[in-house]
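Observations on the model geometry
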Amino acid sequence: KLKIIEDRDSRMVKGVLDIIEIENGFAVVGTSTWAALQGRKKLKIIWDKGSNKYPDSKSISEFFKKRSRKRGAKGRNEGNVKKALKDADRVIKAAYEVPFQAHATMEPMNCVVDYQSDQCQVWAPTQSPKDAKKRVSEMTGFSDEKVIIHVPFLGGGFGRRAFNDFIEEGVEVSMNMKKPVKLIWTREDDMQHDYYRPASRHVLKAGLMNNGETIAWSHSVVAPSIFFGQMFKYPIPFKDKLDVVALAGAKEVAYEIPNIRVDYTSANTDIPIGWWRSVYDSQNAYANECFIDELANSLKIDPVDYRLRLLKQSPRHTAVLKRAAQESGWGKPLKNNHYQGVSCHASFGTYVAQVADVSVDNEGNVHVHRVVCAVDCGQAVSPITIKAQMEGSIVYGLSATLNGEITIENGAVKQSNFHDFQVLRMDQMPTIDVHIIKSSEPPSGIGEPGLPPIAPAVANAVFSATGKRIRKLPIKAEDFLA
C-alpha cells in the first residue's frame, strides 16, 4: 500500500496536470504519455510492504513442500491405493514443481474512460465486459443502461483481461479529473502487477508389478486456489476445501489403472493469481505426462506403447496418440543428436497428442526443432483456425517451458520486462505440423487444449537426450547438467 509520496518535483514537469492517489497506488495525469512518464520518474515513494508471510520464492516453495505432507481433499478415489502400493513389486515416486507465470500480453493494460454527469463510457480490451459494466455501475452509482462498455481487440488476453482492475483505475481518475482519460500501464506495471498463473507442487506415486502391470496411481496437487484465494471476488462453488478446478487434468487422468487417488491441498499466498491459458491443465498435464514416461522407462516399455496399453478404453486418446506417433516417425532413426518426447492430454473437451523433436547442446541449451500435433476437437468447423490455435498454444507453452518464470524477492515480483521474463523468440520457433482427426463428435474447445502437452513432450525429449528427468519448470541447464 502507498505510505508516503513526495510529488513536488513531479508536478513541476511540463505537461503534468495532476497526481492522484487511487486505491492501488497513484496515477500521474499529463497532457501526453511522455509527460506522465517523466512525472512518474520524479516521484519519491515509500511503500508499506504489509505483513507478507512468504516474502520470496524459496519460502513459498518450502511452504508448498510442507503442505504436500498433509492429506488433501479427495478429487478422485477408486479402489484402494494404499493397499495397492503395499502390494506392488515396486513403487515409483516423483515430485514436480512449476512457477508462477505472467501473462505477458503484447499490449499492456489500458483503457479509455469518459465519466460524465449522466453516464460513463469505457473503451477497454476486457475479457469480462459484463463484470466491467457491473463494477463501473457500482463505482459511479449510474444505472446499468448509463454505463456503456466498448470492447476493441484485446492485444492478448490469455485470462489476464478477465480481471478489470485497470478499468477501475481509469474510472477513478476520470471521476477525479471530470474529463475523459486514457489510462496506460507501463510494461513494468504490467509484469509486476499481474494475476499470475498459480505455482504448484505435484507429488506422484505409482505401484508397478514385475509383469509390467500398473496397479496404483496417486497424484497430490498442492497449489493456491483461484477460487479460495483472497484476490478472487466470486462466490466459492465448492465444498470441503476441494477446488475441482485446481485438479483439472489431474482428476480426469484417462489411464486405466485399477487404483487411483487424486487429491488437492490448498496453499494460498499473498501473490494475486488468476486464469492463464489452459489454467491448471497446463500444470497437471506436465506432472501426469512426465510421470507416465518415468513409469514406462522403469518398465522398459516404449512410452507410446505404454500409453496405448493404458488407453484401450479411450478411443479418442488412442487416435491422437497413434496419429502423432505416425506423423512424427516415432521409433525411426533421427538426425544426429536429435531426440523425441511424447505426451497426450485432453482438456476442454478436446484430445491432443504431441511429439517434440529436441536437441541439447554442450552448454545445456534446449533446442526444439519440430512439434507434431494431432488434435481431435470433434467436428472441425474451421480447420485453419484449429491449426492457428494449436500453433499459438504451442508457442505460448514453449515460452513457459523454456524461459518464463515469475520469482518473488522481498515481497515483490523480481521480473519487470521482456529482458528477464523472456517469451519465445523467432529463432527458437520450431516447425509445427498439425493433424486434425476427422470426427462427427460435437465441436469442442480449441483455444487452450494445445498448450498442456507441450511442456511434458519437451521434458520427455530432454530425458531421452540427457538421461536426466526434468521435474521443475522452466527447463534450465543447471538442473540436468549437475
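Scroll up to find the structure.
These numbers were taken from a predicted model, which means no experiment stands behind them.

1. So, the overall build of the chain
Secondary structure assignment for the chain yields 13 helices and 19 strands. A compact globule built from 482 residues would reach a C-alpha radius of gyration of about 23 Å, and the chain, at 24 Å, matches this within 12%. With respect to the principal axes defined by its C-alpha atoms, the chain has extents near 75 × 50 × 45 Å. Relative to its full complement of 482 residues, the chain shows a buried share of 55%. For the chain, restricting intrachain contacts to residue pairs at least 6 apart in sequence, the fraction spanning at least 24 positions comes to 74%.

2. Overview of the pattern of salt bridges
Taken as a whole and judged by the stated rule, the model has 24 salt bridges. Across the pair D433 and R370 runs a salt bridge, and its minimum N-O distance is 2.8 Å. One end of the pair, D433, is in strand β19 (residues 431-436); the other, R370, is in strand β16 (residues 366-376), and 63 residues separate them in sequence. By relative accessible area, D433 is classed as partly exposed at 22%. The salt bridge involving K476 is made with E405; its shortest N-O contact spans 2.9 Å. Taken together, the residues span a long stretch of sequence, with K476 in the loop between α12 (454-466) and α13 (477-481) and E405 in the loop between α11 (383-402) and β17 (408-409) at a distance of 71 residues.

3. Considering a positive patch on the surface
Side chains of R71, K74, K82, K86, K93 and K205 sit close together on the surface and give a patch of like positive charge. Within the secondary structure, K205 sits in strand β11 (residues 200-208).

4. A few points about the sheet that holds β16
The sheet built from four strands is open, its strands ordered β14-β15-β16-β19 with mixed pairing. Each edge of the open sheet carries a strand with a single partner, namely β14 (339-347) and β19. For this sheet the average axis-to-axis angle between neighbouring strands, irrespective of direction, equals 15 degrees. Relative to strand β15 (residues 350-360), β14 is paired through nine bridges, and the arrangement is antiparallel. Residue pairing across strands places S343 opposite Q354, the latter belonging to β15.

5. Considerations on the pairing of β11
Counted residue by residue, β11 has seven buried out of nine residues, so it is predominantly covered. By the bridge criterion, nine bridges tie strand β6 (residues 90-98) to β11 in an arrangement that is antiparallel. Each residue of the ladder has a partner; that of R90, found in β11, is L208. In this sheet, strand β12 (residues 214-223) lies alongside β11 in antiparallel orientation, the contact comprising eight bridges. The residue of β12 that forms the bridge with K205 is S218.

6. Here's the deal with the packing of α11 against α12
A packed helix pair is summarised by two numbers, namely the angle formed by the two axes and the spacing between the axes. The contact between α11 and α12 brings their axes to 9 Å, and the two run at 50 degrees. If you check the angle between α11 and α12, you find them oblique. Pair α11 / α12 crosses with right-handed handedness. On α12, the residues touching I394, G397, L398, T401 and L402 of α11 are I454, A455 and V458. Considered class by class, the residues forming the contact of α11 with α12 number six nonpolar, two polar and no charged.

About the criteria used
- Residues numbered from 1 in each chain as written.
- Predicted model: local features only at pLDDT ≥ 70, side-chain atom pairs only at ≥ 80, totals over all residues.
- Heavy atoms only, no water.
- Helix = DSSP H or I, 4+ residues; strand = E, 2+ residues; numbered from the N terminus.
- Rg over C-alpha atoms; globule rule 2.2 N^0.38 Å.
- Buried < 20%, exposed > 50% of the residue type's maximum accessible area, 1.4 Å probe, protein only.
- Contact = heavy atoms within 4.5 Å.
- Salt bridge = Lys/Arg side-chain N within 4 Å of Asp/Glu carboxyl O.
- Patch = residues over 30% accessible without salt bridge, like charges linked within 9 Å, V, L, I, M, F, W, Y side chains within 5 Å.
- Areas by Shrake-Rupley, 256 points an atom, 1.4 Å probe, with all protein chains shown as cover.
- Lys, Arg positive; Asp, Glu negative; His and termini not counted.
- Charge placed at Lys NZ, Arg CZ, Asp CG, Glu CD.
- Pairing = 2+ DSSP bridges.
- Axes fitted to C-alpha atoms, helices over the stretch in contact; angles between N-to-C directions.
- Parallel < 35°, antiparallel > 145°, perpendicular 65-115°, else oblique.
- Left-handed = near helix turned anticlockwise from the far one by under 90°.
- Nonpolar A, V, L, I, M, F, W, Y, C, P; charged D, E, K, R; others polar.

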